[in-house]
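Chains, contacts and geometry: an overview
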Amino acid sequence: MNLPKQLARSRTLFGTKAETTCNEVDIEQIQRSTSVDKTSGSVSCHHLTGWICLVLFSSTLLRGLSRNSLIGWNYTKDLNSTKAATFTLAQLINRKIEDHHPSELPALEQSDRDRLQTLHSIRYNKTNYTWSHNFDILTQTGHQWCSILRDNHACFGVKYAAILNITTPFQGRRYNLLSFQAKHERILAVGNSHLLELLYLPICATPSIFGYHFGYNTFLFHSISTEGPHFSLQRETTMLILDNDKHFASKSATPERTTIFLEEIGYSPTIIILGHINGGRVSCNERHQTYAERFPNTVDAKFKVQIPQGITGTTRVCVKSFSMPNSYHNIYGDLKTAKFAEFFRPTSGGDWVYEVFSFNLAEGYTETDNLFSEIKVKFTNASGNEITRESDGTTTVQHVGQTDTPTTVSVSHDSSTYLNSLSFDSGTQDKVIGLYVDDQNKHTIWESLGFDKRRIVKQTDLDQIQAQLNSLAPGATALDVQGVLPPSILHMRGCNSSVAADYRRLVSPHAGTHENHNGIYIASQVLGNDTMVARSVDDTTMVAHSSDVLQFISNDVPRFSHLTYHTEVPMWNVLTKNYLNYFDIEIRDHKGHLFPRSAIADFVMVLMFEVVDEINENVDDMVAYQAQAYREGHPTSSGV
């Protein structure tokens with residue numbers, strides 16, 4: 001089938017904010033075909049084939065709950081949590097915050113209106129209004145009553161009932177705390193009572209949920225769902241709500257206090273929801289940044305798309321179009337931390353010791369000249385706390401138990417060759433410095449500056465390098481160091497100033513790509529399985545690997561313009577499942593690493609699915625079809 005030049009219709013999957021998961025998907029089948037072959041007297045019923053276009057929008061702070069910010073969501077790996085473990089967590093919260101005494105919540109869903117157990121009483125009640133009256137109104141209008149409601153979040157009376165009568169009930173079976181596909185989600189919500197009011201619906205709709213109340217609007221909820229007989233299908237969700245909490249959501253509260261508290265109780269959230277804090281002095285952006293730095297796994301550019309009613313008959317998918325401002329960061333994630341390994345011989349003829357040091361770079365977009373200025377400031381270490389010793393976290397450039405002085409490091413960028421260099425000078429001290437990255441899979445700013453990642457020192461290299469240096473004679477120079485640590489193998493240089501500077505200089509073998517990342521990848525673990533990505537094994541060999549990439553978007557436009565992609569000839573990816581009720585989208589950088597959510601701009605993407613729906617006829621239909629075909633193929637004089 002040929003692709004139509006213009007799709008008949010396409011509809012947005014999630015309105016203007018694609019990340020909320022509570023909207024319906026409208027599926028349009030574009031083309032159908034059925035034909036009759038009169039010459040043979042047979043009926044040919046082709047597959048009903050069409051395309052479904054889903055338009056996805058992103059926003060820097062996902063706003064899935066009114067004006068509250070959903071920072072991000074992500075999967076966690078297998079986490080065991082039981083009712084006893086939840087009780088233990090509640091007791092731990094009580095021990096850390098002395099006035100947070102846990103009380104077990106009554107059943108959230110109740111049916112006996114004359115014996116309702118409620119969390120809150122009705123305050124300032126100058127009428128005969130009771131919770132039973134509210135229960136009657138909600139249940140008689142098709143809505144669910146919940147035992148944790150507050151009186152200022154509930155109403156009664158004829159007008160209230162009339163409003164509820166014309167209000168569509170919340171679809172709790174679809175949208176509750178167990179609607180996530182992850183095996184275990186841990187949710188953190190911090191805000192005021194308006195946030196809690198929005199959370200009532202998914203919480204109260206969650207089956208088998210139980211929890212604890214700590215006063216204020218502070219709650220701990222937990223629910224378990226088993227979709228089948230196997231434990232591997234079990235899903236769990238834990239939710240900690242800190243609303244109007246004087247310690248964590250008040251005028252004097254700070255996000256740092258909350259993150260420390262979460263570390264103390266061992267609660268690492270996978271979803272963070274931020275609401276407004278009454279009288280809060282810390283801005284929403286500052287709160288977002290604090291949580292993003294402490295819990296980076298919750299803010300990756302990985303989006304989960306729920307399709308409540310599902311798409312049936314899916315065979316292929318492609319990226320139809322994509323648009324995003326070309327303003328994404330070039331300092332983010334692992335690129336924010338630069339590391340180097342320094343080897344030191346304290347005494348002539350003695351054994352060498354080594355340490356790994358690191359310094360942090362500001363996240364964002366920087367030009368190479370500005371980056372080198374920042375790196376120079378870090379190496380100068382005028383404040384004394386720019387560089388951290390990795391072995392113990394101390395802000396120092398000295399080796400443990402030594403009194404060595406810092407090595408002088410000069411950095412430069414050649415604007416004609418685009419090569420970058422670092423020069424070292426340790427005076428009379430016997431020192432060797434190498435660019436460092438923990439392992440081959442880590443991002444490093446040194447690679448962005450043109451240094452070959454294979455020659456950057458890894459953690460597994462350190463002991464072997466130490467052994468090689470121990471083989472040097474006393475008084476070995478930087479030139480001698482190159483004899484045991486060839487520059488063609490490792491980006492390392494001796495620093496003793498007894499020889500010319502050329503022997504103490506590291507020059508990148510390639511032009512840096514810091515300012516010109518060549519594009520981004522759109523990938524999906526659910527949808528992508530039909531592409532191959534070539535990766536270099538060495539300078540002369542490339543090997544193709546199976547990949548979940550859907551599309552590569554080239555960056556061939558100036559900064560602050562738009563990265564755009566649109567095709568009339570799609571690159572189809574064959575799907576392994578013919579039914580979809582959810583999928584994921586990942587935005588990765590030019591090296592295939594997942595972007596942090598804060599590093600990319602808002603984007604709009606159109607995915608196109610090919611659907612094939614086989615016609616299923618019953619016996620009566622088949623008999624009628626064949627009879628009609630026979631009559632068409634065997635006409636009689638009577639025409640019957």
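Note on numbering: residues in each chain are counted from 1, in written sequence order. This being a predicted model, a pLDDT of at least 70 is required before a residue's local features are given, and a value of 80 or more before pairs of side-chain atoms are given or counted; all residues contribute to the totals for chains, interfaces and linings. Just so you know, side-chain values use all the structure's heavy atoms and leave hydrogens and water out.

1. Considering the sheet that holds strand β18 (residues 408–413)
Put simply, the rule reads: Pairing between strands requires that DSSP locate at least two bridges from one strand to the other. Strands are runs of DSSP state E lasting at least 2 residues, helices are runs of H or I lasting at least 4, and numbering of each runs from the N terminus. Axes here mean lines fitted to C-alpha atoms, for a helix over just the part in contact, with angles spanning 0 to 180 degrees between N-to-C directions. Should any heavy atoms of two residues lie within 4.5 Å, those residues are considered in contact.
Read from one edge to the other, the open sheet built from three strands follows the order β18-β19-β22, with strand pairing classed as antiparallel. If you trace the sheet from one side to the other, it starts and ends with β18 and β22 (505–507), each paired once. Averaged over all neighbouring strand pairs, the angle between strand axes comes to 15°, with direction disregarded. Judged from the six bridges that link them, β18 and strand β19 (residues 420–425) form a sheet pairing that is antiparallel. Within β19, the position partnered with His413 by the bridge is Asn420. Of the strands in this sheet, β18 and β19 are in contact with helix α7 (residues 368–380), which crosses β18 at around 180°.

2. As for the sheet that holds strand β20 (residues 430–436)
Sheet architecture is open: five strands sit in the order β17-β16-β15-β20-β21, paired in antiparallel fashion. Looking along the sheet, the strands with just one partner apiece sit at the ends: β17 (388–389) and β21 (492–494). Packed onto the sheet, α7 meets β15 (337–345) and β16 (353–360) and runs at close to 135° relative to β16. Helix-sheet contacts for helix α9 (residues 462–470) involve β15, β16, β20 and β21, and the interaxial angle to β15 is about 30°.

3. Topic: the packing of aromatic side chains
The line we're drawing: For this analysis, a ring pair means two rings from Phe, Tyr or Trp (six-membered ring only for Trp) whose centres lie within 6.5 Å, classed as stacked if their planes differ by under 30 degrees, edge-to-face if by over 60, and tilted for the remaining angles. The criterion is that NZ of a Lys, or CZ of an Arg, lies within 6 Å of the ring centre and within 35 degrees of the ring normal, and then a charge sits over that ring.
For the structure on display, the rule yields 16 aromatic pairs. Aromatic side chains Phe583 and Phe609 sit 5.8 Å apart centroid to centroid with 55° between the ring planes, which places their arrangement in the tilted category. Placement of the pair is Phe583 in strand β29 (residues 579–588) and Phe609 in strand β30 (residues 604–613), with a sequence separation of 26 residues. Pairwise contacts between aromatic rings join Phe340, Phe357, Phe359 and Phe379 into one cluster. Sitting over the face of the ring of Phe560, Arg559 holds its NZ or CZ atom 4.5 Å from the ring centroid.

4. A word on the pairing of strand β8 (residues 184–191)
Which entries qualify depends on this criterion: The buried label goes to any residue with under 20% of its type's maximum accessible area, the exposed label to any with over 50%, and the partly exposed label to all in between, with areas taken from a 1.4 Å probe on protein chains only.
In terms of burial, β8 is a largely internal element, eight of the eight residues being buried. Residues His184, Arg186, Leu188 and Val190 line one face of β8 and the alternating positions Glu185, Ile187, Ala189 and Gly191 line the opposite face, and both faces are buried. Judged from the four bridges that link them, β8 and strand β12 (residues 271–274) form a sheet pairing that is parallel. Counted as the bridge partner of Ala189 is Ile273 from β12.

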